[in-house]
Amino acid sequence: QVQLVESGGGVVQPGESLRLSCAASGFTFSNSGMHWVRQAPGKGLEWLGFILFDGTRKYYADSVKGRFTISRDNSENTLSLQMNSLTTDDTAVYYCAKGDSATSQGGYWGQGTLVTVSS
Amino acid sequence: DIQMTQSPSSLSASVGDRVIITCRASQGIRNDLGWYQQKPGKAPKRLIYGASRLQSGVPSRFSGSGSGTEFTLTISSLQPEDFATYYCLQYNSDPQWTFGQGTKVEIK
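Cut-offs used in this document
Residues numbered from 1 in each chain as written. Chains lettered and ligands numbered in written order. Predicted model: local features only at pLDDT ≥ 70, side-chain atom pairs only at ≥ 80, totals over all residues. Heavy atoms only, no water. Salt bridge = Lys/Arg side-chain N within 4 Å of Asp/Glu carboxyl O. Helix = DSSP H or I, 4+ residues; strand = E, 2+ residues; numbered from the N terminus. Buried < 20%, exposed > 50% of the residue type's maximum accessible area, 1.4 Å probe, protein only. Polar contact = N/O pair within 3.5 Å; in protein donor to acceptor, adjacent residues only side chain to side chain. Contact = heavy atoms within 4.5 Å.

**Details of the pattern of salt bridges**
Residue and element names in this part refer to chain A. This structure, assessed with the given rule, holds 10 salt bridges over all chains. R67 is paired through a salt bridge with D90; the nearest N and O atoms lie 2.8 Å apart. Of this pair, R67 sits in the loop between β6 (58-60) and β7 (68-73) while D90 sits in the loop between β8 (78-83) and β9 (92-98), placing them 23 residues apart in sequence. Among the charged side chains, a network of salt bridges with common partners joins R38, E46, R67 and D90.

**Brief notes about the side chain of R61 of chain B**
Residues and elements named next belong to chain B. With respect to the secondary-structure elements, R61 resides in the loop between β6 (53-54) and β7 (62-67). Residue R61 is classed as buried on the basis of its relative accessible area of 17%. A polar contact of 2.8 Å, which involves the side chain of R61, links it to the side chain of D82. Sequence-distant contacts of R61, defined by excluding residues within four places in its chain, comprise T74, I75, S76, S77, Q79, E81 and D82.

Here it is, written out as structure tokens:
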């Protein structure tokens, strides 16, 4: 079955960087676009960005454009989110999610990893 | 950008009640809409895609309808395990997603 497992969260200070990973299994990772979504404590869901199945195109929300970078390694079935210049507003649970939204093959999310930005 | 307006933001209901949650899109999105359920401390779980298609394994008391700009999620008979927060998600502008603000369903 489809499984997505995020890792790399933790506590960092404002201005620092952090790299999150998402390990994928149970489907052909190299055929699927992938999303990152976050949820600040007590708040709703915010889409952050997307990477095409082959990594050739990436899209970002305005709130993270220029600071966050999505990448993937199809040989390792791994998705990554590099986060730079973090602020307290970036404190959230970060989820990776499988694309294919319009089909029964979509709708899968990881369990999330918590990032806390605090001095 | 497409905006999604979800209502109500919260509701109180009893077990067995019929519950309806609405999402309105700022422009037509055909049927490119999903509904998600999220319980505290858990990842969102997709219930519906394509506005009305039930995700595999989801109980049939959940149903979705609508097209264009108006969409509804209906829970025909609320069960104890259904108390959660529900979000709509538009993917018409795929790969850019937009979520509704969420509806918290609480026990009356």
